[in-house]
Amino acid sequence: MIVILKPKTSKEQIQEVVQEVQKLGYTPHPIYGELQTVVAAIGDERTHHTLESLTVLPQVERVLPVQKRYKLVSRESKPEDTVVDVDGIRIGGENFVVMAGPCSVESEEQLISTARAVKAAGAKILRGGAYKPRTSPYEFQGLGREGLRLLAAAKKETGLKIITEVLSERDVEHVCETADVLQVGARNAQNFQLLIECAKSRKPVLLKRGMSERIEEWLLAAEYILANGNQSVLLCERGIRTFETYTRNTLDLAAVAIAKKESHLPVVVDPSQGCGRADLVKVLCRGAVAIGANALLVEVHPHPAEALSDGQQQVDFEVFSQLISELGPFLNAINRKLV
Ligand code: PEP
Ligand code: MN
């Protein structure tokens, strides 16, 4: 159920509703909007009292059932866009943010040169995997803690914020020392214990869609993070596995449009894993902007042919900077501004 409060309800009055919801046996999750606050009440409605009685409180406008299984993630519970604050970089609403960097952190020279190049082109967040989920155990697995150290050095040097993947629950704590955003990869998209640990860290989480995951399952995975007290979630479409062989994955732009409709959370598009081809990254970025994405996650490498992972899909500095400079008209068309 959601309890919709009247505009300009005071903190004390919100607290009163939170306590009443709790008394009736539900777990309250206040969601603070710019205009209105709603209190989502999570609990089994078959075994608890109805919350309709709360309408007697003067600050309560309405009490509504939430039909969707993803309650906190749904637009039903929060009509306006969520803006996720990554240490001062705001993603969502009108703001459009570019995150870019190599697939894997490989060396100091590779990372720092890429960080400088993506910053000059307009990116605000540096990506780079220190822990890499590789299909084969004989492939490069990432530099681990040394990779995190290099990311911290790149941050110090350029001021860019850092997004990096966390592969397992036991890594969450130390990855948080370096990361401004925790990336949960496609292969861990429904690793619920990992999602709960990420939620507890209170860091923003970028949640990739699993490669065979339905949109409802993706949104329910995000629900795990919100239900565990962390509202700072970025949904990331990165392509799904289909019968098509011309691309590594099929980038599902319809899923971006649906996620924007169904949820208030910002949606990020990763065109690099999304198609697996450097020659298509630029046009897919345009498509992502046009369909309403709030951010991009793009793989960039100084010498893609020499990359230790995903060389075929990484763009070089020149293509990346051209790609960003050509996004202007697409951003204008949908009233987004590059921050
Ligand atoms: C990546 O971003 O390099 C990556 C491994 O992504 P995904 O989890 O989407 O495959
Ligand atoms: Mn990659």
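Above: the structure in question.
This one's a predicted model, so the numbers in the text were calculated from it and none came from an experiment.

Caption draft 1: The site of ligand 1, seen in detail. Near ligand 1 there are 13 residues, and of these Arg127, Ala186, Arg187, Lys208 and Arg238 occur at the shortest range. In the model, an oxygen atom of ligand 1 is placed 2.9 Å from a nitrogen or oxygen of the Lys208 side chain. Here ligand 1 has 290 Å² of accessible area as a free molecule, and 97% of this is covered by the chains. Along the lines of polarity and charge, the residues of the shell around ligand 1 split into three nonpolar, three polar and seven charged.

Caption draft 2: Structural view of helix α6 (residues 215-227). An ideal rise of 1.5 Å per residue puts 18 Å on 13 residues; α6 measures up with 18 Å between its terminal C-alpha atoms. Of the residues making up α6, those classed as buried are Ile215, Trp218, Leu219, Ala221, Ala222, Glu223, Ile225 and Leu226. The inward-facing, buried residues of α6 abut β2 (27-32), α5 (192-201), β11 (205-208), β12 (233-237) and α7 (253-262).

Caption draft 3: Geometry of the pairing of β12. Most of β12 is tucked away, with five of its five residues classed as buried. Where burial is concerned, the two faces of β12 agree: the one with Val233, Leu235 and Glu237 and the one with Leu234 and Cys236 are both buried. Pairing between β11 and β12: four bridges, direction parallel. Looking across to β12, one finds that Lys208 is bridged to Cys236. Crossover β11 to β12 through α6 is right-handed. Taken together, β12, α7 and strand β13 (residues 267-269) constitute a β-α-β crossover, and its handedness is right-handed.

Caption draft 4: Spatial organisation of unusual backbone geometry. One non-glycine residue, Lys8, lies in the positive phi region at around 65°. The exposure class of Lys8 is exposed, given its relative accessible area of 82%. With a phi close to 65°, Arg202 is a non-glycine residue in the positive phi region. Its relative accessible area of 48% is what places Arg202 among the partly exposed residues.

Caption draft 5: Quick look at the pattern of salt bridges. Counted by the stated rule, this structure contains 19 salt bridges. The partner of Lys23 in a salt bridge is Glu20, and the shortest N-O contact between them spans 3.1 Å. Of the two residues, Lys23 and Glu20 are both situated in helix α1 (residues 11-23); the distance of three residues between them amounts to about one turn of the helix. In this structure Glu20 comes out as partly exposed when scored by relative accessible area, which is 24%. Notably, a salt bridge pairs Glu326 with Arg286, separated by 3.0 Å at the nearest N-O pair.

Rules used throughout
Residues numbered from 1 in each chain as written. Chains lettered and ligands numbered in written order. Predicted model: local features only at pLDDT ≥ 70, side-chain atom pairs only at ≥ 80, totals over all residues. Heavy atoms only, no water. Near = heavy atom within 4 Å. Polar contact = N/O pair within 3.5 Å; in protein donor to acceptor, adjacent residues only side chain to side chain. Areas by Shrake-Rupley, 256 points an atom, 1.4 Å probe, with all protein chains shown as cover. Nonpolar A, V, L, I, M, F, W, Y, C, P; charged D, E, K, R; others polar. Helix = DSSP H or I, 4+ residues; strand = E, 2+ residues; numbered from the N terminus. Expected span 1.5 Å × (residues − 1). Buried < 20%, exposed > 50% of the residue type's maximum accessible area, 1.4 Å probe, protein only. Contact = heavy atoms within 4.5 Å. Pairing = 2+ DSSP bridges. Right-handed = clockwise from strand over helix to strand, strands pointing away. Salt bridge = Lys/Arg side-chain N within 4 Å of Asp/Glu carboxyl O.

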